[in-house]
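Overview (structure and organization)
Below are the chains, spelled out letter by letter.
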Amino acid sequence: MGKKRKHSETAAVAVPKKDEAAPERPARTLLGWKDKSEVNGDVEHDDSPVFRNKEKVLVTCSRRINYRYRHLMLNVVSLLPHCKKDNKVESKETKGATLNELVELKNCSSCLFFECRKGKDLYLWMGKCPNGPSVKFLVSAVHTMEELKLTGNHLKGSRPILTFSTNFEKDAHWRLLKEMLLQIFETPKDHRKAKPFHDHMFVFSIVDDHIWFRNYQIDVPHNETDKLPRGGFEQMNLVEVGPRFCLNPIKIFGGSFGGPTLYENPFYVSPNQIRALEKRKKSGKFAKKVKAKTRRKMHEMSNPLEPDEFANMWKE
């Protein structure tokens, strides 16, 4: 029989077990993940990039939305490869909590909510979830891709170049809106649905305190004889693709779909007030007609015609 080993020898040979607990998950930010060393303040300088854009946008709309506004929402979805589409949300006072919950379930960091009122007015809520800020716009001058039928075309899922007019730097609220538009409409570089090309550009310009949106294709000649040198922007052309819309900022809130009001547009007039003024103008026209009719009757009564002696000549 083989000789048995002593207990002390087996204890010496035994390999210590590794800690089977899962490693601690790094802290999450809106734009990516942070390592534990960054959280503690011990940043290690590596050659690999630490920052990675993880922006995801939830796009949804309210119930009873108009077909033109629904087509506009689908055009925006086709322009943003990093967005997620969800079912319609009831437009109530509690829509903010519902949208924040949907954004958390879909693992997104921003939200675009198209809210239709009375089947005529379209409002766009743009918010960073869950801590804010958020903006409420009135959308006007809507033209979808199906309506325009323009000649421009670009690759679906390609990354756009975002351009802003110089007016965005004059006030604090315009700078805040510029940063929000930049984070929401900019496609992340390494997104799985994005293509590594820049063949179109989004143009945001401020005219009459309104933000006008345009989408252009960058047309570059690809023939061997007409090839452009690097940096030859003079020979490039811009061809509009669509859609078009205009954003009128109403309020900027400190929270996500609510909270303290950071900015309120003093020149904003609601569509209900505009329609009420138009009705008053029409009612004024009708009142003028009634007054003219009564004046005509009073004039006829005060100035009766003389009896015609030949009126009953042929009746006998």
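Here, the structure is the one placed above.
A short tour of the structure in this document, coming up. Everything quoted here is computed from the prediction, not taken from an experiment.

For the rest of this paragraph, the subject is the overall build of the protein chain. A tally of helices and strands in the protein chain yields seven helices and 13 strands. When burial is assessed residue by residue, the protein chain has 34% of its 316 residues classed as buried. In the form shown here, the protein chain has an accessible surface area of approximately 22,000 Å², with 53% of it arising from carbon and sulfur atoms.

So, on to a positive patch on the surface. A cluster of basic residues, K118, K120, K279, K281, K282, K285, K288 and K289, forms a positive patch at the surface. Within the secondary structure, K279 is located in helix α7 (residues 271-302). On the accessibility criterion, K279 (62% relative accessible area) is exposed.

Moving on, we come to the environment of R64. With respect to the helices and strands, the residue R64 is situated in the loop between β3 (57-61) and α3 (67-79). Along the chain, R64 and E115 lie 51 residues apart, while their C-alpha atoms are 9.3 Å from each other. Leaving out residues up to four positions away in the same chain, R64 has contacts with E90 and C116. Of note is the side chain of R64, whose polar atom sits 2.8 Å from the side chain of E90.

A word on unusual backbone geometry. P130 follows C129 through a cis peptide bond whose omega is 0°. With respect to the helices, strands and loops of the structure, P130 is situated in the loop between β6 (121-128) and β7 (134-143). Cis peptide bonds are those with omega within 30 degrees of zero, and the linkage from G242 to P243 qualifies with 0°. For F257, which is not a glycine, the phi torsion comes out positive at approximately 60°. Its place among the elements puts F257 in the loop between β12 (244-255) and β13 (258-264). Here F257 falls in the buried class, since its relative accessible area comes to 12%.

Okay, the packing of aromatic side chains next. Tallying each qualifying case throughout the model produces 11 aromatic pairs. A centroid spacing of 6.1 Å and a plane angle of 35° characterise the contact between F185 and F213, whose relative ring orientation is tilted. Of this pair, F185 sits in helix α6 (residues 172-185) while F213 is found in strand β10 (residues 210-219), placing the two residues 28 residues apart along the sequence. By relative accessible area, F185 is classed as buried at 5%. A relative accessible area of 2% places F213 in the buried class. In this arrangement the basic side chain of K136 is found over the ring face of Y123, its NZ or CZ atom lying 4.8 Å from the centre.

Right, let's talk about α6 for a bit. Between its first and last C-alpha, α6 extends 20 Å over 14 residues, near the 20 Å set by a 1.5 Å rise per residue. Looking at α6, one finds that the buried residues are H173, W174, L177, M180, L181, I184 and F185. Relative to the axis of α6, the buried residues are bounded by an arc of 125° and lie together on one face.

Moving on to the pairing of β13. Examined bridge by bridge, β12 and β13 share four bridges and lie antiparallel to one another. Residue K251 lies in a different strand from β13, and its bridge partner there is E264. Between β12 and β13, which pair antiparallel in sequence order, lie two residues; one of them, F257, sits at a positive phi of approximately 60°.

What the rule picks out here adds up to 12 salt bridges. Between R64 and E90 there is a salt bridge, and its shortest N-O distance comes to 2.8 Å. Of the two residues, R64 sits in the loop between β3 and α3 while E90 sits in the loop between β4 (83-85) and α4 (95-105), which places them 26 residues apart along the sequence. Looking at R64, the relative accessible area reads 62%, which means it is exposed. For R117, the salt bridge is made with E115, and the minimal N-O distance between the two is 2.9 Å. A single salt-bridge network, built from bridges that share partners, covers R63, R64 and E90.

Rules used in this analysis
Residues numbered from 1 in each chain as written. Predicted model: local features only at pLDDT ≥ 70, side-chain atom pairs only at ≥ 80, totals over all residues. Heavy atoms only, no water. Helix = DSSP H or I, 4+ residues; strand = E, 2+ residues; numbered from the N terminus. Buried < 20%, exposed > 50% of the residue type's maximum accessible area, 1.4 Å probe, protein only. Areas by Shrake-Rupley, 256 points an atom, 1.4 Å probe, with all protein chains shown as cover. Patch = residues over 30% accessible without salt bridge, like charges linked within 9 Å, V, L, I, M, F, W, Y side chains within 5 Å. Salt bridge = Lys/Arg side-chain N within 4 Å of Asp/Glu carboxyl O. Lys, Arg positive; Asp, Glu negative; His and termini not counted. Charge placed at Lys NZ, Arg CZ, Asp CG, Glu CD. Contact = heavy atoms within 4.5 Å. Polar contact = N/O pair within 3.5 Å; in protein donor to acceptor, adjacent residues only side chain to side chain. Phe/Tyr/Trp six-rings, centres within 6.5 Å; stacked < 30°, edge-to-face > 60°. Lys NZ or Arg CZ within 6 Å of the ring centre and 35° of its normal. Expected span 1.5 Å × (residues − 1). Arc of directions from axis to C-beta. Pairing = 2+ DSSP bridges.

Remember that the coordinates give geometry; whether it matters functionally is a separate question.
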